[in-house]
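# Per-entry structural report
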Amino acid sequence: MSMLEVKDLSIHFGGVKAVQNVSFAIDPGIVYSVIGPNGAGKTTLFNLITGVYKPSAGEIRLDGEAIHGRSPNELARRGVARTFQNLQICMNMSARENVMVGAHLRLDRNLLKAALHLPGLRKRDAELRDEAAELMRFVGLEQYVEARADAMSYGLLKRLEIARALAMKPRLIFLDEPAAGLNPKETIEVDQLVRKIADAGVTVVLVEHDMKMVMNLSDRILVLNYGKKLAEGTGEEIRRNPDVIAAYLGAHA
Amino acid sequence: MLSQFLQFLFSGVTVGATYALAALGFTLIYNASNVINFAQGEFIMLGGMLAVFFTQAGLPLPVALLLAMLIPAAVGVLIEKLAIEPVKGAEPVTLIIITIGASLVIRGLTAVIFGKGTHSLPAFSGDTPIEILGATLLPQSLWVLGITALVVVLLWYYFNRTLQGKAMLATSFNRLAAELVGINTSWVLFMSFAMSAALGALGGILITPITLTSYDVGIMLGLKGFVAAVLGGLGNGLGAVVGGLLVGILEAMGAGYISSAYKDAIPFVLILFILFFMPRGLFGGQSTDRV
Amino acid sequence: MPKNVYRGLYLVIAILLVLPHVLPNSYYLDLAVRMAINAVIVLGLNLLIGFAGQISLGHAGFLGIGAYASAVLPTHFGWHPLAAMGAGALAAGLLAALVARPIFKLKGNYLAMATLGLGIIISIALRNEAQWTGGPDGMPVPSMGLFGFELSNDRQWYWVVALLLSVSVWASLNLIDSPFGRALRALHGSEVASQVVGVDIVRYKVAIFVLSAVFASLMGSITAHYVGFVSPNYADFFHSIELVTMVVIGGMASVYGSLVGAVLLTALPQALATFEGWETVVFGAILMLCMIFLPKGLVPTLAAKFGKGE
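Remember, it's a predicted structure, so these values are computed and weren't measured experimentally.

Criteria and cut-off values
- Residues take numbers from 1 onward in each chain, read along the sequence in its written order.
- Chains carry letters and ligands carry numbers; both start at the beginning, A for chains and 1 for ligands, and go up in the order they are written.
- A pLDDT threshold of at least 70 governs which residues receive local features in this predicted model, and a stricter bar of 80 or more applies before side-chain atom pairs are shown or counted, although totals over entire chains, interfaces and linings include all residues.
- Here the side-chain values reflect all heavy atoms present in the structure, with hydrogen atoms and water set aside.
- Note on geometry: axes are lines fitted to C-alpha atoms, helical ones only across the stretch in contact, with angles between N-to-C directions running from 0 to 180 degrees.
- Working definition: helices are DSSP H or I runs of at least four residues, strands are E runs of at least two. Numbering for both runs from the N terminus.
- Angle categories: roughly parallel below 35 degrees, roughly antiparallel above 145, roughly perpendicular from 65 to 115, and oblique for all the rest.
- Whether two residues are in contact is decided by their heavy atoms: any pair within 4.5 Å suffices.
- Each residue receives one of three labels: charged for Asp, Glu, Lys and Arg, nonpolar for Ala, Val, Leu, Ile, Met, Phe, Trp, Tyr, Cys and Pro, and polar for the others, Gly being one of them.
- Stacked, tilted and edge-to-face are the three classes applied to pairs of Phe, Tyr and Trp rings, where Trp contributes its six-membered ring and a pair requires centres within 6.5 Å; stacked means planes under 30 degrees apart, edge-to-face means over 60, and tilted covers the rest.
- Under the scheme applied here, a residue whose accessible area is under 20% of the maximum for its type counts as buried, over 50% as exposed, and between as partly exposed, the area being computed with a 1.4 Å probe on protein chains only.
- The criterion is that NZ of a Lys, or CZ of an Arg, lies within 6 Å of the ring centre and within 35 degrees of the ring normal, and then a charge sits over that ring.
- Buried area: the accessible surface (1.4 Å probe) lost by two parts on joining, summed over both.
- By salt bridge we mean one thing: a side-chain nitrogen of Lys or Arg within 4 Å of a carboxyl oxygen of Asp or Glu.
- Residues adjacent in sequence count toward polar contacts only when both atoms are side-chain atoms; beyond that, a polar contact is any pair of N or O atoms within 3.5 Å, and within protein one must be able to donate a hydrogen and the other to accept it.
- Paired strands, in this sense, are two strands between which DSSP finds at least two bridges.
- Handedness of a crossover is defined as follows: orient the strands so they point away from the viewer, and if the path from the first strand over the helix to the second runs clockwise, the crossover is right-handed.

### Brief notes about the packing of helix 5 (residues 139–161) of chain B against helix 6 (residues 163–173) of chain B
All names here are of chain B. One way to put it is that helix 5 packs onto helix 6 with a least axis distance of 5 Å and a crossing angle of 80°. It follows that helix 5 is roughly perpendicular to helix 6 by the angle criterion. Between helix 5 and helix 6, the residues in contact are Tyr-158, Phe-159, Asn-160 and Arg-161 and Leu-163, Gln-164, Gly-165, Lys-166, Met-168 and Leu-169, respectively. Here the residues of the contact of helix 5 with helix 6 are counted per class, giving 5 nonpolar, 3 polar and 2 charged.

Structural data, given as structure tokens:
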């Protein structure tokens, strides 16, 4: 059975139809990429699936259960994680704390216990600090464990967001342009990182403009154009699809 | 019955007009700088107090009134240059405290210079009330309403028909874009503080013959102006005018029919109630956060 | 956090222990008690404003609820002061919880408006219900007994509030560096990112609003008993602003900044009394200058300058 099923999904803002009747399904354990020209509706699609926006019409099912219209934190409970195209890092916190926030749902969040500094909570927090450091090593930020978030560069923060998302121990992760604004060397590192995440058994949905990376990583690809589904298939199928070629040449001409 | 209702309505729209002018002041500054100017009420107070002072000093009424608007405008510009421009981009709370600091300075100086007494200003054209269907309307109320209406029309013309006004409007939509097309946004900031102070002062001058004035009337008037601006949807000029009149009318009705002791609480109960159901006021647009 | 989290707390306790022995006279002891009371209120308010990033311009209203509960319930209904204090805190907490859900759907200036309105409504009610509250003149508050012995002199009060302050600083430090505290700070940093990792942001805003309201109410009760008198000024808009100013001048999201802000702004009006008639002007000018030159507040600015975190 598909892990995620999207059927006839649409949203409009005023008169603008940002996503129109898009349907697709994602099997567990794969890397699924969403590509398309700027403004094609890729990020909007992510926002719809992760509960940031409510769809105007259509369904989204996770493991067969309807999840459209649910709030982001309910989706987080179901193991859905994401990163953001334009960074959403808490600049008022340290890098490590940003990652620790990702583990929010796995912790005892009781106010009174926290204020009284009870030993159980303290012990769990100490473990989490180590776990966060471990995750930062995983994404290649081992040198920044003690850094302040607001002192880190854009490329590093992109990875910090991935570490935060991984701290949720997700089953399904949405990565919104993880390589945007990175230099070629960093891009290769992110490429390898995404592979590592997928190898760890997390289903990855990727929005990315770097075609080399997309072709290299993806099991399947969805192409959006003007909010509509243009094509779907393997990398090879997409590469040869005349509609896709036309749309891309058109968009770049 | 009807006469009583009309009586409350008249007094409501009269104060409501003052709130509307104050709310327009909030709106102008908010649009130009995203600052909520908590010193707005002090401009209302200053207008009234200066008008009293200059007329008592023997200046002819028009000259006195003009000065009573120009001086607060100068004070507004001073605040903008000395206290708002230097902290561009500061947190909203910081800006709130700065404008409250400014309001304390204005209020304190007024108390030192003019004393803490209550003052009145003679009505512009006599005190003989006009009878309408059993209710009475003061001639001064007509001045308040007439001039407020005139100001609203002039502002509308300014923002929709003149290049300067359009430049100010453009800045409020997108400051960076406005700068890129060559609009001097520093001048826009200057103008908005001058205009909003002058508007507040005008409201204060017009209402003083009816309500009297003293150094400490600014707080409540200003806060109610803020209520009016939020009620209409922050940043919406027409909303501010409607909000002002609505606050004035409901306050007068509440005081008349429910409890005069709770008169001052009515605008705040109203705004809480409205915000619970319409989080961006009556005419505030929807907003979607981009992520 | 590093192990030296409590270093500042030890310093605070040391100062609190030494202070009564070095203060020259009862005037200063009285001032110290007021500072400590304000410091506890500001700690709670800073959790809301500085850490969670949610403004409240009506907090004095909650203070007023506590103060008047402690004045009215024992006087008119013969309640025990502790029960009255508890009832006040409960009332403040319930009111906060009741309004918080709709209020925290609001953001920025709309939130400022709503909290301001709430505070003003409370203060107008206290001013108007003269048969219970004494109206604008205020009313006396019976003295406070604790476990059979009466809190009468300033020295006893000093130790009570010093203990409260120490515990509050300790609890605040713990809270900030906990899953709860991180969620609060995260929603300040990015609401959408916090939601996406599973933080129910409205619940957290409500929780911290209620907590800070209860803090304020309890300290309102303490103040009422300590001063022996309550007046509606205690709940009014200007007092709310004073409290917010303490938070901002000391430093948003800084525990020790809260203490510094409370100490300075409690002392300032006393110091300004010498400016006969000019107090308001000087006070306003100082607020403006502080915000223009130290927009991040004293403690964070100094901490950054001397190159170490708090």
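### Some remarks on the packing of aromatic side chains
For the structure shown, the criterion picks out 21 aromatic pairs over all chains. Relative to Phe-277 of chain B, the ring of Phe-273 of chain B lies with its centre 5.2 Å away and its plane at 65°, an arrangement referred to as edge-to-face. Placement of both Phe-273 of chain B and Phe-277 of chain B in helix 11 (residues 266–277) is noted, with a separation of 4 residues, approximately one turn of the helix. Looking at Phe-273 of chain B, the relative accessible area reads 53%, which means it is exposed. The lysine or arginine in question, Lys-196 of chain A, covers the ring of Phe-138 of chain A, its NZ or CZ lying 4.4 Å from the ring centre.

### Considering the interface of chain C and chain A
At the interface, 30 residues of chain C touch 31 residues of chain A. Overall, the association of chain C and chain A removes approximately 2600 Å² of surface from exposure, summing both partners, and the carbon and sulfur fraction of that is 64%. It is Arg-182, Val-196 and Val-197 of chain C in chain C that bury the most area against chain A; as a group they hold 26% of the surface buried on that side. Our count for the chain C to chain A interface comes out at 2 salt bridges. Across the pair Asp-125 of chain A and Arg-182 of chain C runs a salt bridge whose closest N-O atoms are separated by 3.0 Å.

### Remarks on the pattern of salt bridges
Per the counting criterion, the structure on display carries 33 salt bridges over all chains. For the salt bridge of Glu-134 of chain A with Arg-137 of chain A, the shortest nitrogen-to-oxygen distance reads 3.1 Å. Here Arg-137 of chain A and Glu-134 of chain A lie together in helix 5 (residues 119–138), a separation of 3 residues that amounts to about one turn. The class of Arg-137 of chain A is partly exposed, set by a relative accessible area of 46%. Here Arg-148 of chain A ties to Asp-150 of chain A by a salt bridge, and the two come within 2.9 Å at their closest N and O atoms. Judged by relative accessible area, which is 42%, Asp-150 of chain A ranks as partly exposed. Each member of the salt-bridge network shares a partner with another, and the members are Lys-224, Glu-251, Lys-263 and Asp-264 of chain B.

### Thoughts on the environment of Gly-233 of chain A
Residues and elements named next belong to chain A. Mapped onto the secondary structure, Gly-233 falls in strand 10 (residues 228–233). Of the residues examined, Gly-233 reaches a relative accessible area of 0% and is grouped as buried. With 11 residues separating them in the primary sequence, Gly-233 and Val-244 have C-alpha atoms 11 Å apart. Leave out the neighbours within four places in its chain, and Gly-233 touches Arg-220, Ile-221 and Ile-238.

### Concerning the interface of chain C and chain B
Listed per partner, the contact involves 40 residues of chain C and 45 residues of chain B. In total, chain C and chain B occlude about 3600 Å² of area from one another, counting both sides; carbon and sulfur atoms represent 83% of this. Among the residues chain C hides against chain B, the three largest losses belong to Asn-109, Tyr-110 and Met-113 of chain C. Together they make up 20% of the total. Scanning the region where chain C abuts chain B turns up 0 salt bridges. Along the contact surface separating chain C from chain B lie 3 residue pairs in polar contact (both at pLDDT 80 or more). Mapped onto the side of chain C that touches chain B, the elements with two or more residues apiece are helix 4 (81–103), helix 5 (108–128), helix 11 (237–250) and helix 13 (279–293) of chain C. With 12 residues, helix 5 of chain C is the largest single contributor of residues to the side of chain C that touches chain B. When its residues are assigned to classes, the side of chain C that touches chain B shows 31 nonpolar, 7 polar and 2 charged.

### What to know about unusual backbone geometry
One non-glycine residue, Asp-63 of chain A, lies in positive phi territory at about 50°. With respect to the secondary-structure elements, Asp-63 of chain A resides in the loop between strand 4 (57–62) and strand 5 (65–66). A relative accessible area of 37% means that Asp-63 of chain A is categorised as partly exposed. In the Ramachandran plot, Leu-133 of chain B falls in the positive-phi region, its phi being about 50° despite a non-glycine side chain. Tracing the backbone shows Leu-133 of chain B in the loop between strand 1 (130–132) and strand 2 (135–137).

### Quick notes on the sheet that holds strand 7 (residues 172–176) of chain A
All names here are of chain A. With respect to topology, 6 strands assemble into an open sheet ordered 6-7-8-3-9-10, the strand pairing being mixed. The two strands at the open ends of the sheet, each matched to only one other strand, are strand 6 (80–82) and strand 10. Taking the axes of each pair of neighbouring strands and ignoring which way they run, one obtains an average angle of 15° across the sheet. Pairing between strand 9 (residues 220–225) and strand 10: 5 bridges, direction antiparallel.

### Considerations on the pairing of strand 8 (residues 203–207) of chain A
Residues and elements named next belong to chain A. Of all the 5 residues making up strand 8, 5 are buried; the element is thus mostly covered by neighbouring parts of the structure. Alternating residues of strand 8 divide into Thr-203, Val-205 and Val-207 and Val-204 and Leu-206, and every residue in both groups is buried. As judged from the 4 bridges shared by strand 3 (residues 31–35) and strand 8, these two strands associate in the parallel manner. Bridge pairing in strand 8 places Ser-33 opposite Leu-206. Crossover handedness for the path strand 7 to helix 7 (residues 184–199) to strand 8: right-handed.

### A look at the pairing of strand 9 of chain A
All names here are of chain A. When you tally the buried positions in strand 9, you get 5 out of 6 residues, the bulk of the element. Where strand 3 and strand 9 come together, 4 bridges link them in parallel fashion. Looking at strand 9, one finds that Ser-33 is bridged to Ile-221. The hairpin formed by strand 9 and strand 10 contains 2 residues between the paired strands, and Tyr-226 there has a positive phi angle of roughly 50°.

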